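Structural overview for review
Single-letter residue listing:
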Amino acid sequence: MAGPEQFHSRIRAQTVRNPQVTASMSADDLLAQVMQRNDKIQSPVVVAAEQSAPLGIDRLSECMRESALSVFSKMCGIELTLSETIKGPSPVRHALSGIVGMSGAMKATTVINISEELAFAVAEAFTGERPTKIDSDLIDLIGELANMVGGNAKERLSTPSLSLGLPTVVTGEGHCIAFSPDMQLSTLQFDTPHGPLRIELGASEQKNRS
Amino acid sequence: MKVLVVDDSGVMRKIIARSLGACGVTDVAEAGDGREGMEVFSGEPFDLVITDWNMPEMNGLELLKAIRSSGSSVPVIMVTTEGEKEKVVEAIQAGVTDYLCKPFEQDELRDKLDKYVAV
């Protein structure tokens, strides 16, 4: 690596490289823009839920439903239709699962379970290339999908002290995923033009709500 | 026009590179985390940096702070799921130029890039 003087000289050169392209938004404007976007995604259901319902499986389920609809629509152009909500684990598991956890104010686990066909369609929508097999790129994609769905749901919960973990991906038809025994479970089943999607949720009720 | 894309997800780097291509930018360097991003950044001049927040080794906020500490005012766009007000304020205080919350429509990303890409 170059010495400090060369490094700083190169950095100084970068700042004048394209003087026409400079920050065009003030800090206040940028903050207002992001907060305006956040206000839009706070649905009336979530707002009402904040006022009375405890932080648990029902609120998580609603926020996850809205998040999945938003992520698949915006990022992939794939419309989801919720066909069923099951109080319990999924009776079926497809080839790929993206798993992400939440901790802090609530302990939760989310499993985005997706068939190969739907995963290939999502990959094609994201990257313009349709894969022909489950490879490292597709696994990366499922992890990113779980990250986005979980992250967007976390925002909708609008709860401080809630952290999202890094995603994990599991592959193989019929693979097993065990939830913590203290969790309440729920499964959202969606239909799509490319096959079904299931989102399994596990959540521990918030204990001491102020 | 040379752009650095920093994200631990290869898929997101591809999506962003595609959007950059649609804006006419083909000279794109990539890094898989903030530490690698800083190494690449210090090796050659860039016109724009696009970074994720949550990454191993060094996250996007730490990368942003390192870039600003070096004296560079290169535009930095944060593309992330982190939309909480406290996080956004933290990024602004660290000197972020623009901010895009996932999920986003690809047109949103292209609109952001159009502002900072002078091809």
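Above this text sits the structure in question.
Residues numbered from 1 in each chain as written. Chains lettered and ligands numbered in written order. Predicted model: local features only at pLDDT ≥ 70, side-chain atom pairs only at ≥ 80, totals over all residues. Heavy atoms only, no water.

**Describing the interface of chain A and chain B**
As a reminder, the rule being used: Residues count as neighbours in contact if any of their non-hydrogen atoms are within 4.5 Å of one another. Between Lys or Arg on one side and Asp or Glu on the other, a salt bridge is scored when a side-chain nitrogen of the former is within 4 Å of a carboxyl oxygen of the latter. By definition, any uninterrupted DSSP run of H or I lasting at least four residues is a helix, any uninterrupted run of E lasting at least two residues is a strand, and each is numbered from the N terminus. Classification convention: Asp, Glu, Lys, Arg as charged; Ala, Val, Leu, Ile, Met, Phe, Trp, Tyr, Cys, Pro as nonpolar; all other residues, Gly among them, as polar.
If you look at the interface, chain A gives 42 residues, while chain B gives 47 residues. Applying the counting rule to chain A against chain B returns 4 salt bridges. Its salt-bridge partner being Lys14(B), residue Asp137(A) comes within 3.4 Å of it at the nearest N-O pair. Looking at the side of chain A that touches chain B, the elements with two or more residues in it are helix 1 (4-15), helix 2 (27-41), helix 4 (57-76), helix 5 (116-127) and helix 6 (136-157) of chain A. Counting residues per element, the side of chain A that touches chain B draws most heavily on helix 6 of chain A, which supplies 10 residues. Class assignment for the residues of the side of chain A that touches chain B results in 18 nonpolar, 14 polar and 10 charged.

**Remarks on the sheet that holds strand 4 (residues 76-80) of chain B**
The strands making up a sheet associate through hydrogen bonds between their backbones, and the pairing can be parallel or antiparallel. Residues and elements named next belong to chain B. Note the threshold: Here a strand pair is declared whenever DSSP counts at least two bridges between the two strands. For every element, the axis is a line fit to its C-alpha atoms; helices are fit only across the contacting stretch, and the angle between N-to-C directions ranges from 0 to 180 degrees.
The strand order across the open sheet formed by 5 strands is 2-1-3-4-5, and the pairing between neighbours is parallel. The sheet terminates laterally at strand 2 (28-31) and strand 5 (98-101), the two strands that pair on one side only. Sheet twist, expressed as the average angle between the axes of neighbouring strands with direction ignored, equals 15 degrees. Sheet analysis places strand 4 next to strand 5, joined by 4 bridges and oriented parallel. Residue pairing in the sheet places Ile 77 in a bridge with Asp 98 of strand 5. Where helix 1 (residues 10-22) meets the sheet, its contacts fall on strand 1 (3-6), strand 2 and strand 3 (48-51), and the angle it forms with strand 1 comes to roughly 155 degrees. Against the sheet, helix 2 (residues 34-41) makes contact with strand 1, strand 2 and strand 3, and its axis sits at roughly 145 degrees relative to strand 2, the strand it touches most.

**Considering the nonpolar core**
So the rule is basically this: What makes a nonpolar core is a set of buried Ala, Val, Leu, Ile, Met, Phe, Trp, Tyr and Cys residues whose side-chain atoms join them at distances within 4.5 Å. Note on classification: 1.4 Å probe, protein chains only; a residue is buried when its accessible area is under 20% of the maximum for its type, exposed when over 50%, partly exposed between these limits.
Residues Val122(A), Phe126(A) and Ile199(A) are the most contacted members of the largest nonpolar core, which totals 62 residues. The contacts of Val122(A), once residues within four sequence positions are left out, are Phe72(A), Cys76(A), Ile78(A), Ile114(A), Leu141(A) and Leu145(A). In this structure, Met25(A), Met38(B), Val40(B) and Leu64(B) belong to the second largest nonpolar core, which totals 31 residues.

**Some words on helix 4 of chain A**
Applied cut-off: Take the residue count of a helix, subtract one, and multiply by 1.5 Å to get its expected span.
Across its 20 residues, helix 4 of chain A extends 27 Å between first and last C-alpha, which sits within 8% of the 28 Å expected from 1.5 Å per residue. Among the residues trailing helix 4 of chain A, Gly77(A) stands out with phi positive, at a value near 70 degrees.

**So, the packing of helix 6 of chain A against helix 1 of chain B**
Counted only if it meets this: Here the angle decides the label: under 35 degrees means roughly parallel, over 145 means roughly antiparallel, 65 to 115 means roughly perpendicular, and every other value means oblique.
Running from amino to carboxyl end, helix 6 of chain A crosses helix 1 of chain B at an angle of 90 degrees, the nearest separation of the two axes being 7 Å. If you check the angle between helix 6 of chain A and helix 1 of chain B, you find them roughly perpendicular. Between helix 6 of chain A and helix 1 of chain B, the residues in contact are Asp137(A), Asp140(A), Leu141(A) and Glu144(A) and Gly10(B), Val11(B), Met12(B) and Lys14(B), respectively. Partitioning the contact of helix 6 of chain A with helix 1 of chain B into residue classes produces 3 nonpolar, 1 polar and 4 charged.

**Observations regarding the pairing of strand 3 of chain B**
Residue and element names in this part refer to chain B. Filter applied, for reference: Look down the strands so they point away from you; if going from the first strand over the helix to the second traces a clockwise path, that crossover is right-handed.
Residues Leu 48 and Ile 50 point to one face of strand 3 and Val 49 and Thr 51 to the other, with burial holding for every one of them. Strand direction decides the pairing type here: strand 1 and strand 3, joined by 4 bridges, are parallel. Residue pairing for strand 3: Val 6 is matched across the bridge by Thr 51. Relative to strand 4, strand 3 runs parallel, the two being bridged by 3 bridges. The residue of strand 4 that forms the bridge with Ile 50 is Ile 77. Handedness of the crossover joining strand 3 and strand 4 through helix 3 (residues 60-69): right-handed.

**Quick look at the pairing of strand 2 of chain B**
The side chains of a regular strand alternate, first on one face of the sheet and then on the other. All names here are of chain B. Alternating positions in strand 2 separate cleanly, Ala 29 and Ala 31 being buried on one face and Val 28 and Glu 30 remaining unburied on the opposite face. Note: strand 1 against strand 2, 4 bridges, orientation parallel. By the bridge assignment, Val 6 is partnered in strand 2 with Ala 31. On the question of chirality, the crossover connecting strand 1 to the parallel strand 2 by way of helix 1 is right-handed.

**With respect to the side chain of Thr127(A)**
The condition is simple: By the criterion applied in these results, polar contacts are pairs of N or O atoms within 3.5 Å in which, for protein atoms, one can donate a hydrogen and the other can accept it, and in which residues neighboring in sequence qualify only through two side-chain atoms.
Of note, Thr127(A) is situated in helix 5. Here Glu129(A) takes part through its backbone nitrogen, which lies 3.3 Å from a polar atom of the side chain of Thr127(A). Excluding residues that lie within four positions of it along the chain, Thr127(A) makes contacts with Lys14(B) and Arg18(B).

**Some points on unusual backbone geometry**
In this structure, Pro103(B) follows Lys102(B) across a cis peptide bond, with omega equal to 0 degrees. Mapped onto the fold, Pro103(B) is located in the loop between strand 5 and helix 5 (106-116). Its identity as a non-glycine residue notwithstanding, Ser158(A) has a phi of 50 degrees, on the positive side. Residue placement: Ser158(A) occurs in the loop between helix 6 and strand 4 (162-164). Given a relative accessible area of 38%, Ser158(A) falls into the partly exposed group. Backbone geometry places Glu57(B), a non-glycine residue, at a positive phi of 65 degrees. Taking relative accessible area as the criterion, Glu57(B) reaches 59% and is therefore assigned exposed.

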